[in-house]
Amino acid sequence: MASSLTKDSASPGTPGSGSGPGPGSGSEKSFFGHPRGLATLFMTEMWERFSYYGMRALLPLYLVAPGGLHLSATTATAIYSVYLSLVYLLTLPGGWFADRVLGPRKTVAVAGLVIMLGHLTLALPSSGTFYAGLGIVAIGSGLLKANISTMVGHLYQGPDDPRRDGGFTVFYIGINAGAFAAPLVIGTIGENVDWHLGFALAALGMALGLVQFLLGRRHLDTRSDVVPTPLSAEEKASTLRKGLLWLVVAVVFYGVVGFSGHYTLNWILVPLTLIGLIIPIAVIARIKRDKSLDRVEQSKMTAYIWFFVAAAVFWMIYDQGGSTLSIFAESSAENSVFGWEFPVSWYQSVNPVMIMALAPVFAWAWLALNRAGREPSTIVKFSSGLVLVGASFFLFLAPLTIAGDGQKAAAMWLVAIYFVQTVGELTVSPVGLSVTTKMAPAKYASQMMGVWFLAVTAGDATTGLLSLAGVDLNGTGIVTLEATLAAIAGIAIYMYRSKVRSLMGNVN
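A quick note: this is a predicted structure, and the numbers were derived from the prediction, not measured.

K.L.:
Now, about the overall build of the protein: what can you tell me, with residues and values included?
P.N.:
Looking only at helices and strands, the protein has 17 helices and six strands in total. For 508 residues, the compact-globule estimate of 2.2 N^0.38 gives 23 Å, and the protein sits close to it at 23 Å. Along the three orthogonal principal directions, the C-alpha set of the protein runs to about 65 × 55 × 50 Å. Within the protein, the fraction of its 508 residues that count as buried is 52%. Taking all contacts inside the protein whose residues are at least 6 apart in sequence as the whole, residues at least 24 apart take part in 80%. As displayed, the protein offers around 21900 Å² of accessible surface, 67% of which is attributable to carbon and sulfur atoms.

K.L.:
Describe helix α5 (residues 127-154), listing the residues and the values that go with them.
P.N.:
The end-to-end C-alpha distance of α5, which contains 28 residues, comes to 41 Å, matching closely the 40 Å that a straight helix rising 1.5 Å per residue would cover. Its side-chain oxygen placed 3.4 Å from the backbone nitrogen of Gly128, Ser126 serves as the N-cap of α5.

K.L.:
Now, about helix α12 (residues 350-371): what can you tell me, with residues and values included?
P.N.:
In this model α12 runs 32 Å from its N-terminal to its C-terminal C-alpha over 22 residues, within 8% of the 32 Å that 1.5 Å per residue would give. Considered for burial, the residues of α12 that qualify are Val350, Asn351, Pro352, Met354, Ile355, Leu358, Ala359, Phe362, Ala363 and Trp366. Positive backbone phi, approximately 70°, marks Gly373, located one or two places after α12.

K.L.:
Any chance you could break down the packing of aromatic side chains for me, citing the residues and the numbers?
P.N.:
As enumerated under the stated definition, the model contains 25 aromatic pairs in all. Relative to Phe50, the ring of Trp47 has its centre 5.4 Å away and its plane inclined at 75°; by these criteria the two rings are edge-to-face. Taken together, the residues Trp47 and Phe50, both in helix α1 (residues 37-64) and three residues apart, mark about one turn of the helix. Among the aromatic residues, those joined into a ring-pair cluster are Tyr62, Phe130, Tyr131, Trp195 and Phe199. The side chain of Lys381 reaches across the aromatic face of Trp366, ending 4.3 Å from its centre. Over the face of the ring belonging to Tyr494 we find Arg497, whose NZ or CZ atom lies 4.0 Å from the ring centre.

Cut-offs used in this document
- Residues numbered from 1 in each chain as written.
- Predicted model: local features only at pLDDT ≥ 70, side-chain atom pairs only at ≥ 80, totals over all residues.
- Heavy atoms only, no water.
- Helix = DSSP H or I, 4+ residues; strand = E, 2+ residues; numbered from the N terminus.
- Rg over C-alpha atoms; globule rule 2.2 N^0.38 Å.
- Buried < 20%, exposed > 50% of the residue type's maximum accessible area, 1.4 Å probe, protein only.
- Contact = heavy atoms within 4.5 Å.
- Areas by Shrake-Rupley, 256 points an atom, 1.4 Å probe, with all protein chains shown as cover.
- Expected span 1.5 Å × (residues − 1).
- Polar contact = N/O pair within 3.5 Å; in protein donor to acceptor, adjacent residues only side chain to side chain.
- Phe/Tyr/Trp six-rings, centres within 6.5 Å; stacked < 30°, edge-to-face > 60°.
- Lys NZ or Arg CZ within 6 Å of the ring centre and 35° of its normal.

Interpretation in functional terms is not warranted from these geometric data alone.
As structure tokens, this is what we get:
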């Protein structure tokens, strides 16, 4: 998130600011001028991202490696894409679980334990346990991702606290620090020593994050312990009955398929891919059909659909940086600089280090342009991001052509692709988060951030569906098609900016 750092702080003792007296207030210490609880959440997220991105860097390589599961590139991409779509899809039930059952703090603690157990399951040398481990990590990530940012917000006195943007920026640095270090450590061990030891290191990273979260929980705001809308006894019983019913249905169905000898991996992948496409559409449609929304809110939701679809296209291409590009690098790139070879997983450290370098530059640039009255509108920023991610895949055609001629493509081609995608991310991701909060109907203010994550789910599910259909995403034809689609989407938003702008009402 490219937001500006602020040095100002709320006055001591402000209720709910995270800086007042008493346990969990953080009055005894500060963290770079912020409530002490930010250090706890910073370190938790850093270690969680260390485990998540480390495993993610190894995942497609392990799936195709002769010493791993030795699957085809299309199957590996499908598994990777379905996994990512599930992580973001599960943020919705993750938020619901905190709101209705445990509250954010306890939910994050449970999530850390679940993620750690998932990585340990991945470390077991069995294909069956490996897929189970992926599912467990996805569940834990959905629980954590939905709630840890909420807890950061709890440290401050409402949206007008002058430290708030700076706090989220510091938190975002923790995310990228963990993401940067993970491939260098976990990727190196996994590729060069043992795949399963790499996955075990991911479990160790999450364990460190969980331990320091539990030790530092006293510094968190008391609002993080509150269950906002707890389930009644009747609702708990009903939810449990429905959950058990669906579990029995799934067990019976897959038991019949398995014992009949018809089971293949697609029996899991295809339904999950379709769910990743259907649920985002259904959620958007449900909000749009809500008759209780007034005319202005309906108009803003119509405009938001433009951004949502465009974002799905963006993430469809962007997230292939960890699958399509990684698999290409493993087989067709010269993974060396000045004669020094490095593990393929190290490419996954390029984006986070570029984010940390460029995010402050973008934040400064937007402010400078705003003061000069020349800051691009949300629509222009968004369309630029789409054109850039399309340009990154047009650039991908160069190393594909080189590899097609039987040569190894230089590593800098891939670095250049990641650079262009990172610049695109900085015009889409923070802008998308911002426009989501600005255009959310009051009734759905809390749910709309989960809706934004569903754009990632839809994009990754689309990639998974293409892979399951047997499409080689490292082919020049499909890469050209995806690049063209993104560029056209960006140009279309720009060309229709007046119409979209009129639908957005007072949102700039």
